[in-house]
Amino acid sequence: NAGVTQTPKFRILKIGQSMTLQCAQDMNHNYMYWYRQDPGMGLKLIYYSVGAGITDKGEVPNGYNVSRSTTEDFPLRLELAAPSQTSVYFCASSYSKTISSYEQYFGPGTRLTVT
Amino acid sequence: TQLLEQSPQFLSIQEGENLTVYCNSSSVFSSLQWYRQEPGEGPVLLVTVVTGGEVKKLKRLTFQFGDARKDSSLHITAAQPGDTGLYLCAGAGTYKYIFGTGTRLKVLA
């Protein structure tokens, strides 16, 4: 099992450019999440999805968009990159029949710099 | 807005010392998780606590969930350099998690 995979590992963008961060999981998890982590800080939820075709905003959704056309994939789109979006982005997935007991599995992260 | 505050923010101790990290909120959570994150990697789950007052042990690590399910603590006995990392608590809401601010621990040999 590959678990949660993310591409690319590193990326440098110029202000105003667009890009898509890819995330895929092969564990048949129904829940998927995108977080950003600024240096030395905790994780902030950007968007999440509870199943294919269903997405919702987290704490910091501005400047991002997501889609969930399949169970496996959950790409994150940055339309007009800004320096404030410089961060490390983590994708995670989880599965549980009871809300209170699920474990999140994290990908290795994408380090994005906007200059 | 649900917030989770962790303290201390930074901790540098000598090998063999004991330490406690706190995770506090004004909100009630259905469960609370603790993660450890090493540089360049994603967080890895250490434990999930579900019941108010619950205590779980993982080798030298002891986790406690507050009676009111608003706070938690992580106690490490006889810390080792391998315990170095960023410790994160996360409270479970409906379908999503709220992460704490993090505690960066450094254990010196």
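The rules behind the values
Residues numbered from 1 in each chain as written. Chains lettered and ligands numbered in written order. Predicted model: local features only at pLDDT ≥ 70, side-chain atom pairs only at ≥ 80, totals over all residues. Heavy atoms only, no water. Contact = heavy atoms within 4.5 Å. Buried area = accessible area lost by both parts, 1.4 Å probe. Salt bridge = Lys/Arg side-chain N within 4 Å of Asp/Glu carboxyl O. Helix = DSSP H or I, 4+ residues; strand = E, 2+ residues; numbered from the N terminus. Nonpolar A, V, L, I, M, F, W, Y, C, P; charged D, E, K, R; others polar. Pairing = 2+ DSSP bridges. Axes fitted to C-alpha atoms, helices over the stretch in contact; angles between N-to-C directions. Buried < 20%, exposed > 50% of the residue type's maximum accessible area, 1.4 Å probe, protein only. Disulfide = S-S within 2.5 Å. Core = buried A, V, L, I, M, F, W, Y, C linked by side-chain atoms within 4.5 Å. Phe/Tyr/Trp six-rings, centres within 6.5 Å; stacked < 30°, edge-to-face > 60°. Lys NZ or Arg CZ within 6 Å of the ring centre and 35° of its normal.

A.B. asks: Got a minute to help me understand the interface of chain B and chain A in this structure?
C.D. replies: When the parts of a complex come together, some accessible area is lost, and that lost area is often used as the size of the interface. On the side of chain A, 22 residues touch chain B, which itself brings 23 residues to the contact. Here chain B packs against chain A, burying approximately 1900 Å² in sum over the two surfaces, 57% of which is carbon and sulfur. For the chain B face of the interface with chain A, the top three residues by lost area are Tyr95, Tyr97 and Phe99 of chain B, together amounting to 33%. Remark: the boundary between chain B and chain A carries zero salt bridges. Elements with a minimum of two residues in the side of chain B that touches chain A: β4 (32–37), β5 (44–49), β9 (85–92) and β10 (97–99) of chain B. Residues belonging to the side of chain B that touches chain A are distributed by class as follows: ten nonpolar, ten polar and three charged.

A.B. asks: How do you make sense of the sheet that holds strand β3 (residues 19–24) of chain B when you look at a structure like this?
C.D. replies: Hydrogen bonds between backbone atoms are what pair the strands of a sheet, whose relative direction is either parallel or antiparallel. Residues and elements named next belong to chain B. An order of β1-β3-β8-β7-β6 is seen for the five strands of this open sheet, with the pairing classed as antiparallel. Where the open sheet ends on each side, the last strands, each with one partner, are β1 (5–7) and β6 (55–58). Averaged over all neighbouring strand pairs, the angle between strand axes comes to 15°, with direction disregarded. Here strand β7 (residues 61–65) runs beside strand β8 (residues 71–76); their pairing, made up of five bridges, is antiparallel. Bridge pairing links Leu61 to Ile76 in β8.

A.B. asks: Would you explain unusual backbone geometry in this entry?
C.D. replies: In most cases, non-glycine residues show a negative phi, while peptide bonds are predominantly trans. Between Thr7 of chain A and Pro8 of chain A the backbone carries a cis peptide bond, its omega angle lying at -5°. Tracing the backbone through its elements, the reader meets Pro8 of chain A in the loop between β1 (4–7) and β2 (10–13). Backbone geometry places Lys59 of chain B, a non-glycine residue, at a positive phi of 55°. Taking the relative accessible area as the measure of exposure, Lys59 of chain B reaches 85% and is therefore exposed.

A.B. asks: Just to check I follow, could you spell out the state of the cysteines for this structure?
C.D. replies: A covalent bond between the sulfur atoms of two cysteines is what we call a disulfide. Residues and elements named next belong to chain A. Under the defined criterion, the tally for this structure stands at two disulfides over all chains. In this model, Cys23 is linked to Cys91 through a disulfide, with the two sulfur atoms separated by 1.8 Å. With the S-S bond torsion at -70°, the cross-link from Cys23 to Cys91 turns out left-handed. Here the residue Cys23 occupies a position in strand β3 (residues 19–25), and Cys91 occupies one in strand β9 (residues 87–94), the gap between them amounting to 68 residues.

A.B. asks: It is not clear to me how the pattern of salt bridges should be interpreted in this structure. Could you clarify?
C.D. replies: Two side chains of opposite charge can pair, provided their charged atoms sit close to one another. Within this structure, the stated rule accounts for four salt bridges over all chains. Ionic pairing is found between Glu79 of chain A and Arg77 of chain A, a salt bridge with its closest N-O pair at 3.3 Å. On the basis of relative accessible area, Arg77 of chain A is assigned to the partly exposed category, the value being 31%. Close ionic contact of Glu54 of chain B with Lys56 of chain B constitutes a salt bridge, the shortest N to O distance being 3.8 Å.

A.B. asks: Hey, could you run me through the nonpolar core in this one?
C.D. replies: Side chains that are nonpolar tend, in soluble globular proteins, to be buried together. One finds Leu19, Leu32, Trp34, Phe63, Leu74, Ile76 and Leu105 of chain B to be the most contacted residues of the largest nonpolar core, which totals 22 residues. Filtering out sequence-adjacent residues up to four positions away, Leu32 of chain B remains in contact with Leu4, Cys23, Val47, Thr48, Val49, Phe65, Ser72, Cys89, Ala90 and Gly91 of chain B.

A.B. asks: Hey, could you run me through the packing of aromatic side chains in this one?
C.D. replies: By convention here, two paired aromatic rings are described through the distance between centres and the angle between planes. What the rule picks out here adds up to nine aromatic pairs over all chains. Measuring from centroid to centroid gives 5.2 Å for Tyr35 of chain A and Phe99 of chain B, while their planes differ by 80°, and the two rings are edge-to-face. Here the residue Tyr35 of chain A occupies a position in strand β4 (residues 31–37), and Phe99 of chain B occupies one in strand β10, the pair thus bridging two chains. Owing to a relative accessible area of 0%, Tyr35 of chain A belongs among the buried residues under this scheme. Every member of this aromatic cluster is reached through a ring pair, and the members are Tyr33, Tyr35, Phe90 and Phe106 of chain A together with Tyr35 and Phe99 of chain B. Geometry around Phe74 of chain A places Arg68 of chain A over its ring, the cationic atom sitting 6.0 Å from the centre.

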